[in-house]
Amino acid sequence: MSGAMALRTMPQSLLDLDILVGGMGVDISNVDLVSTVARHVSGRLSGSLSATGLTDVYARLLQLGDAGDVVGRAFDAFRAKVPALADDVELLYRRYYVEGGTALGERLKGFSLAGPTPPRDVQIFTMLATFSHVWRAKLAAPDRPVGINFLRKIERVLLYGLYGAMLAGVDWVVMGAGDPGEIPAILDDLARNRAVELPVQVATVPRGEHCIRFDPKDLVGPNLPPPPRPAFLAIVSSHLQAEALAGNPVTRPEGFVVESPVAGGHNAPPRNRLKDNQGNYVYGPEDEADLDAVAAVGLPFWVAGGRGHPLDPKASPGDRLPRQVGTLFALCNESGMEPNLRKRVLRLVWQRQLEVVASANASPSGFPFRVARVPGTMGDPATYAGRPRACDLGYLRGWRPRDGRIVGLCPAGDPGSFRSLGGAAWRTEGSMCLCNGLLATCGVGQCGELALVTLGDTTPVRDLQLRIRRLEYAADEAVAYLLGEL
Ligand SMILES: Cc1cc2nc3c(=O)[nH]c(=O)nc-3n(C[C@H](O)[C@H](O)[C@H](O)COP(=O)(O)O)c2cc1C
């Protein structure tokens, strides 16, 4: 163990970054956005790619014709790196690539993800997709540090994604949506090509009873040199979480992202569980992390949530802390959000007509989720009510024992099957299919699937629009705005 811990040092290249683009799924913080920001001349910025849903994102990019052979070239790089999997990669590429793109209206092919441990093709394709994402970002921003964001809750593909990102030399991994206490030790072991185990949460069964086991050598062969170990940042919402993780050498990360409740995406629930009359969570000052107490933990950290305003060199030290920004970048030109949808959202922000709520039930993960009420999307109550409910991707499925088997169930799918598998009826009300919704938001949805937009506080977006007198803006303009140069 002591050897493993010796690997854990925060690289200076990461400490130099005082603004991070937050990981934003599915593929909102994409290669274009992260590499553009990372290339900024100041050297003070970079960001986290989103690893969420990449297995399907890449399968769909291939089926949509892989414009510019972007995916094909990344796959070639993987084949050169991991010769033991060259034939598998070729087969998977052929399975999904459609020259000229799948015809409009045709259903896109996915993967079979029946049980907690994914089949071999999903393991390889996840590794391949995550490798490709990091490889492409590194190619576009040479010699710059680049991170990647995973959700702890998405357990099935996590280990393969981590290893793929490491093979491409990712500089940091950042993770929230669940307790990431096992991850530092898993990164230590993967960085030695050693087998790892990830406990899978199965309802009513003690933690650790079900695990996904991954031995890199089973896939990549015995001779592949071990990949470098990235730094690990844990996403926390309170100093207590930070203290608990840092207090144990096994769970201690290199640093933290400290998220306030206004951050886009998933959040921690409010302490008093207060809800408004529509069932959305209401947060108060008691839900903000005590940043002095986090600082006392002694590890570097970036603050996130409502930090998209310009840096003021004269501001108090608390306002000048290194920060992570999401919403401002989610709506810039380089973001992975489908351009027409992005423009509609930007117009609503401009007209001050966009409401964002902290939904208690939207996310099948069980965590609160910020939903933007964009007309025509899943976040619009009228549209949501008419949506057919199905669960065909299942990244956020929960698991429970049933008749001697482990079955997966998702509250956003068919309510009848959810209940028949032992799920509580109340969980299905207002539950949204994040998998299909967020894939549609980034332009690779199935035809007919509704998009779903998550955002935090959009005040900085409107402030920037006012300054440039335009609805749309580039990532460089967002950076200039943040650095107080606009
Ligand atoms: C569109 C969008 C998607 C997000 N998706 C994720 C995600 O997949 N994982 C994650 O850890 N955080 C996610 N976040 C949170 C961001 O990484 C970041 O911490 C947050 O947006 C910062 O707050 P801000 O939105 O007020 O700038 C998301 C935020 C947005 C706006």
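Structure's up top.
The notes below deal with the structure included here. This is a predicted model, so every value here is computed, not measured.

With respect to the sheet that holds strand β9 (residues 301–304)
So, step 1. Reading around the circumference, β1-β2-β3-β4-β7-β8-β9-β10 is the order of the 8 strands in this closed barrel, with parallel pairing throughout. Averaged over all adjacent pairs, the angle separating strand axes in this sheet is 25 degrees, with direction ignored.

Digging into the site of the ligand
So, step 1. Asn149, Glu259, Gly306, Gly326 and Thr327 are the nearest of the 20 residues found near the ligand.
So, step 2. Gly264 places a polar main-chain atom, nitrogen or oxygen, 3.3 Å from an oxygen atom of the ligand.
So, step 3. Between the ligand and Gly306 there is a distance of 2.8 Å, counted from an oxygen atom to a backbone nitrogen or oxygen.
So, step 4. Elements supplying a minimum of two residues to the shell around the ligand: β3 (147–151) and β10 (323–325).

Thoughts on the nonpolar core
So, step 1. Ranked by internal contacts, the top residues of the largest apolar core, which has 100 residues, are Phe125 and Phe256.
So, step 2. Broken down by element, this core gets its largest block of residues, 9 residues, from helix α7 (residues 120–140).
So, step 3. Listed in part, the 37 residues of the second largest apolar core include Leu348, Val349, Ile468 and Val479.

Looking at unusual backbone geometry
So, step 1. Each neighbour pair has its own omega, and for Gly25 with Val26 the value is -5 degrees, a cis peptide bond.
So, step 2. Note that Val26 resides in the loop between β1 (19–21) and α3 (31–38).
So, step 3. The phi torsion at Asp69 lies on the positive side, around 55 degrees, for a residue other than glycine.
So, step 4. Looking at the secondary structure, you find Asp69 in the loop between α4 (54–63) and α5 (70–81).
So, step 5. Taking relative accessible area as the criterion, Asp69 reaches 34% and is therefore assigned partly exposed.
So, step 6. Even without a glycine there, the phi angle at Asn193 is positive, about 55 degrees.
So, step 7. You can see Asn193 is positioned in the loop between α9 (183–190) and β5 (196–199).
So, step 8. By relative accessible area, Asn193 is classed as buried at 6%.

As for the side chain of His133
So, step 1. Take His133: it is sitting in helix α7.
So, step 2. Taking the relative accessible area as the measure of exposure, His133 reaches 1% and is therefore buried.
So, step 3. Excluding its chain neighbours within four sequence positions, the residues that come into contact with His133 are Asp27, Asn30, Val31, Leu49, Ser50, Leu54 and Tyr58.

Definitions and limits used
- Residues numbered from 1 in each chain as written.
- Predicted model: local features only at pLDDT ≥ 70, side-chain atom pairs only at ≥ 80, totals over all residues.
- Heavy atoms only, no water.
- Pairing = 2+ DSSP bridges.
- Helix = DSSP H or I, 4+ residues; strand = E, 2+ residues; numbered from the N terminus.
- Axes fitted to C-alpha atoms, helices over the stretch in contact; angles between N-to-C directions.
- Near = heavy atom within 4 Å.
- Polar contact = N/O pair within 3.5 Å; in protein donor to acceptor, adjacent residues only side chain to side chain.
- Core = buried A, V, L, I, M, F, W, Y, C linked by side-chain atoms within 4.5 Å.
- Buried < 20%, exposed > 50% of the residue type's maximum accessible area, 1.4 Å probe, protein only.
- Contact = heavy atoms within 4.5 Å.

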